[in-house]
Structures are given as C-alpha cells and as structure tokens.
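# Structural features, examined
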Amino acid sequence: MSTRALITSALPYITGDIHIGHLVEHVQTNVYVRFRRMIGDEIAYLCADDVHGTGTMITARKQGVSEADLIARLGKAHVEDLAAFDVVFDRYGSTDVAANREVVYGIWRNLRAAGHVAEREVTQLFDPEAGCFLADRFVKGTCPVCGATDQYGDSCDRCSATYAPTDLKDARSTLTGAIPELRTAKHYFVKLEELRPVIEAWVDGQGHLHPDTARWVRNTFLVAGQPLREWDVSRPAPYFGFEIPDAPGNYFYVWLDAPCGYLATAIDWCAANGSDLATWWPRQDQPGSTQAQPETAQPGTAQPEIHHFIGKDIVYFHTLFWPATLHAGGWRLPSRVHVHGFLTVNGEKMSKSKGTFVNARTYLDAGLDPAHLRYFLASKLNGTADDFDLSLAEFEAKVNSDVVGKVVNLASRTARFVPTLVAAYPDDGGLFAAGAQAGADIARDYAATDFASAIRRIMALADRANEYVERAAPWALKKDPARAAELAQVCTVALNLFRQLAVYLAPVLPRLADQAGQLLGAPITRWDDAQRPVTGNPIGPFGRLTDRVDPAKLAKMIELSLPKEAPAPAAPAAAAPASTPAAAPAEPVAATIAYDDFAKIDLRVARIVTAEEVPKAKKILKLTCDLGSLGQRTIFAGIKAGYPEPAKLANRLIVVCANLAPRQMSFGLSEGMALAAGGTQPQELFLLAPDAGAQPGQRVM
Ligand SMILES: [Zn+2]
C-alpha cells in the first residue's frame, strides 16, 4: 500500500522575485517529491504566495495598483520562474483566499475559547504622512549604541547591537521620510507558554526534526525556567490582511496566516480534485487541549504524512508557532519539518552590488541550463542545516565533469553506432547487477534528503561504466566489420548503464530521464526501472542531451545581476595612461576570444551633444550622442565621478558600443555604452577618444 504525503516548500513573499536562494529550497523539495513518486507514494505537492503584510500594501501603493492586481501579476511570475526549473506544483495558491480566512478564523475562535489570548497596549512608531504604523525595517536612524547613521529600527550593521525602534535616534520613516510619532494601540497576543507542552512534545517527537535542529530549538527557545514570550499576532489598521472578526480595525499579523496557507492550499486542492481532506491532512481529536496528541495510527489505516521544507531563518515560526497554531485549530501537526542552510555565492553572502544575488529569471536569460543548477544544488544538499557555497568555478567543473563527462558521454559515445539493442543482455562482468543492487542505498539517501550522498554513489557507478567503455573501445570495434556483433553488445551494455544512471538521477534531472527513456524505447517512471536491462529495442534518434557549462554565460549572469543604477562604464583598459603617477594594479587578462566574437561588437565614433546630471543618480551622467548616420542615442554612463562638470563634455568625440542591447534603467532607456578606462579610485575615469578628424558614426575596428 502506498503512503500518502503532503509536501510543501516555504511560501515565497509576493513582492520579491524568485532568486537562487528560493531555488535551493524548491529544488530540494522537488527532488524529494519526484523521488517519493518514483517509489510509488501518492504525493500532493503544494505551495502558495505569502501575500499579506505591510510590504504588499506599500508596493501596491507605490505602483498605483490594487493589492489584488499586484498579487495576480507577481504570483504568475513566481509560478513561471519555478516551472522553468521543472518545479511544478499540484497547486500553487495564495494566502488571501477564502479557505485560508476560514482556517485562520477557526484557529482564532479556538484560541479565544481556550483562553490563550491576551490583550495589551503597545506603543509603536507611526508615520503620520503615510498614516500607518512602521515595522522595524521601515524605520532608519542613528544607532543608540555606537552612533552609526542610516541603521534599521531593530539592529545596527556596524556594532550589531539590537534595540527597539523607539530607541533609535533621529528616526525617519523610510516610506515618506517623516519623523515617526509614538502611538499606542491595542494588540492581541497568543500566550504561547500555555501551549508549551504541545510544542515540546512535537519538537521531541520521533523524526519531526533533524536531531541537530531539535537540539538547537530546545537550547535556544525552549530553555527550562524561561517562559515563552507572548506572540503578538495583531496589527492595527491600515494593514493588508484578514481583519480580526471580534476586534474590528485590527488585522492578523502576516506570520499567523502565512503558514496556514499550507493548509488552505491543501483544502482547495482537495476540493478541486474531489479528494477527502481527512485522508491528506486529518484533524486531531481534542482541539484546544494543551495535551499533546498521540500520533499512532489506528490499526489498518495508514496515516498521511505532512512534510514542510524551510530555510533555517524561519525555524522559529515553524517549530514553535506553527505546531501551536495547528494544535489550537484541531489539525494534525507536521510529520517533518526539513531545514536547509543558506546559500553563499563564491564564498560570500549573496550580494546585489557584486551581482551574486541572482534571480531565477536572470539565470535563464543568461542562457544557462536549469538542469545544471538542479544538479549542482542536489550535489550539495545533505539534509542538514549547514550553509553551502555555489562557487561558479566549482559549478562549471562539476557539471562538466559529472553530467556531461560521466553520464551524457556514455550515451553520446555509443548511441549512434548500432540501430538496435541486442536481444539478450550480454555478460558485462556484473556491472548492471551491481548498479541494480546500489539502488537500495541510493533510495535511502534520497528518502533521508541526503542528496549529496546519493549523487556520490551514482557518480561512483558512472565511473565504473566509463571504465567499461574505455576498455571496450566501441569506436575501435566500429572500424572492424567482423566485430559488429561485439560492438552491438558493448553498446547495449553502455546504453543500459546510462539508462540505469538516468533512473537514479531522475528526481534531480527529470528531462535527462525522459530523453534516456525515449532513446531506449523504455520510459523511466519508477525507481525499479533500474533493476532490469532493456534489450531488443530499436535505439531512438540521439539528440543533444545537454551542453557543457559556458563560462561566458556565467559571466553574463553576474553582469545581468548587477544593480542597474551603477553600470560599469566600460571594460577597464589594461594599460594605465602615462600621466598616472602610480602604476595601475595588475588585472589578469580576460579569457581569449575568437575574432568572430570581437567582430560582433559594433563600436562607433560618437559626438556628445549634451551631457547632464540625472536627478537622484550619484554616479550617472545622461549623454545625448550623435552617431552620424545612426542618428542620436541616449546613453546613461556611470562616469560622473570622473567628470564633475558634465557641460564641458559637449562636442567631445568618444567611442561607444552601438549594438549593446538597450537597458531599461529607473531614469530611462540606455541605448549603448560609452567606453572609458578605469582605475581603482571612483574618480579615475578616462573616456576614450579618437584622433581629430574622425567622424560620428564611423566604425571602430
Ligand atoms: Zn551601532
């Protein structure tokens, strides 16, 4: 009998784009889902957008649209971005749906009835111009501890002090710049300490958390003798959220209703599919009781599993509030909360200014293969909450060596030599049988979300398969017509070993598995497809399975991720001008390119008609340029630091790249790039100029 499991990823916040940090979690969840389906389990794979809170309200206001329109547009983009990485849900919902309101109201009624709610006055900063209370990150001012300016309302970047926003000096609202006022309003609190037995029983429960995470939660939040702090679950109007039914003018705080979105999405999915919710997310017997419920199944009934995948930054919400909330509502608590660590890029925190804060869409726009990122992330995810690094050099080397060199190569070196697989599987020295036997260990790794270990085992099998092909040398057999039968046998073995690897990699690389299935005329759908070789089938046409990672595309991904307000003025020239007193620091020369690559760049002489400052842009000048027969172009160039008096640039001849894709910046469309040499200091900028006599529009070669 198959097991039912409801599996979720954390709900992305609606106003942000899906980025590679989200992809860590969504790929992790998706690999697990695909594996569970391959072993025959029945899976409901659900997610939703987290849409409530001040962030949505402010963004909608800034864009002059309704919250509903904003949610519809951005939600669609989330679904499309994830689908491009083969992350496709059974249902992708939203936390503002009617089902979620019902869930939240039910939980609230029970919390009230059980006496778990306290009411208290709270004094908070209020923006009198925007007419709303300010969350900590909407207040900036001077750190009360070290005096650093421009610090957020909850903590200081410079001295790491944490404080209340009311302690901040010279506080300003980041929404309007207004000086915040102190205002007092009634807030509603959940008395979490009263639900402590439920929380502790769940945290200590068998398999609910990785043992390291359970220990951390115990030692950090559930310290003996320290009562749990009451949880503020309300916000006064204006707030975008569900209004509290028995406290008009107050709204549920986004973190109360966000996780409820898991349940609401399950409810809507069941309704749409005619499934019985009780067989996916059952109720427990005694809502409101503070006693932990036994989780043992009734004899003869299989309990459905509930799995959440989250990042370690939201452990607090998912291991304290969420079990308490579910219990209050009378719902089954999760079977497992899987916690992953943070992704760093090239050894550092993802950074917008370094171009390493990469959106999913940008990765695709750079022309990179989504399968490669899936593979790399899976090879790093080991089921613990440890951070891990996406080094771009390692990414390139690993994908090229493993996916292309070890797996795809098996097929590309044998698929075109013979038209059909031989009828009886040949003696391969026990290779296929050993691979079949390894399936149990690999499955155990996937089930434990130790994908890194699964990949290591699969690559060990791939190494043995490649040794076989090297020894058998089908390319040599091909040259000798007398050895045609032997060639067919070798190809049959190699292609079956390739297919076996594709089965084991199918949770990570579903498209490769589809292609391998088509190649051998035997679709890959189940885990035990790796147990029996395919024989006698005609070999299908061999298409391109995947390409090597192109480092130029990785560079493009970083370039596209750089902030648009501060474009690099140009590729800095290697040689420093003679007048520079200090020698320019050595900068390694970029990778060699072919002449054809260079010829793609259309450089032209241009005459600056006007050069002007751009309001609010610290580094940018707006250049209106005459390109002769190509007409006039507007170019936003990051050269202001080197040219503090832009009017003096008028009539100068410069060199521009004329065929660079136009780039939309916040202040307008830039239609080219002005070439300049740059040094280490911001003001060291030198526009390139042709000798006298050059005409606007002439090509530079
Ligand atoms: Zn400070």
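Residues numbered from 1 in each chain as written. Predicted model: local features only at pLDDT ≥ 70, side-chain atom pairs only at ≥ 80, totals over all residues.

This part covers the overall build of the chain. Helix and strand counts for the chain come out as 18 helices and 27 strands. Viewed in the frame of its principal axes, the chain has a C-alpha envelope of about 90 × 90 × 45 Å. Expressed as a percentage of its 701 residues, the buried residues of the chain come to 39%. Counted over contacts in the chain with a minimum sequence separation of 6, partners at least 24 positions apart contribute 73%. (Helix = DSSP H or I, 4+ residues; strand = E, 2+ residues; numbered from the N terminus. Buried ≥ 20, exposed ≤ 12 C-beta atoms within 10 Å, placed from the backbone. Contact = placed C-beta atoms within 7 Å.)

Okay, the sheet that holds strand β3 (residues 91-94) next. One open sheet accounts for five strands, arranged β3-β2-β1-β13-β14; its pairing is parallel. Whereas interior strands pair on both sides, the edge strands pair on one side only; in this sheet they are β3 and β14 (336-340). Going from strand to strand, the sheet's axes swing by 25° on average, the running direction of each strand aside. Relative to β3, strand β2 (residues 42-49) is paired through four bridges, and the arrangement is parallel. Its bridge partner being in β3, Leu46 is matched across the sheet by Arg91. Strands β1 (4-9), β2, β3 and β13 (305-311) of the sheet are contacted by helix α7 (residues 254-273), whose axis makes an angle of about 120° with β2. (Pairing = 2+ DSSP bridges. Axes fitted to C-alpha atoms, helices over the stretch in contact; angles between N-to-C directions.)

Bringing the pairing of strand β21 (residues 653-657) into the picture now. The buried count for β21 comes to four of five residues, which makes it a mostly enclosed element. Across two bridges, β21 lies against strand β24 (residues 673-674) in antiparallel orientation. Residue pairing across strands places Val656 opposite Ala674, the latter belonging to β24.

What follows deals with unusual backbone geometry. A cis amide bond, omega -5°, links Ala237 with the succeeding residue Pro238. Tracing the backbone shows Pro238 in the loop between β11 (234-236) and β12 (250-252). One non-glycine residue with positive phi stands out, namely Asp170, at about 50°. Among the secondary structure elements, Asp170 is positioned in strand β8 (residues 169-173). The phi dihedral of Asn346 is positive, around 50°, even though this residue is not glycine.

The next point concerns the environment of Asp96. Examined against the element boundaries, Asp96 turns out to sit in the loop between β3 and α4 (98-113). The buried category is assigned to Asp96, around which 23 C-beta atoms lie within 10 Å. The spatial distance from the C-alpha of Asp96 to the C-alpha of Asp257 is 8.8 Å, given a sequence separation of 161 residues.

Attention now goes to the sheet that holds strand β17 (residues 388-390). Strand pairing in a sheet relies on backbone hydrogen bonds. The paired strands run either parallel or antiparallel. Overall, mixed pairing links the three strands, which are arranged β16-β15-β17 in an open sheet. Edge positions in the open sheet fall to β16 (348-349) and β17, since each of these has one partner strand only.

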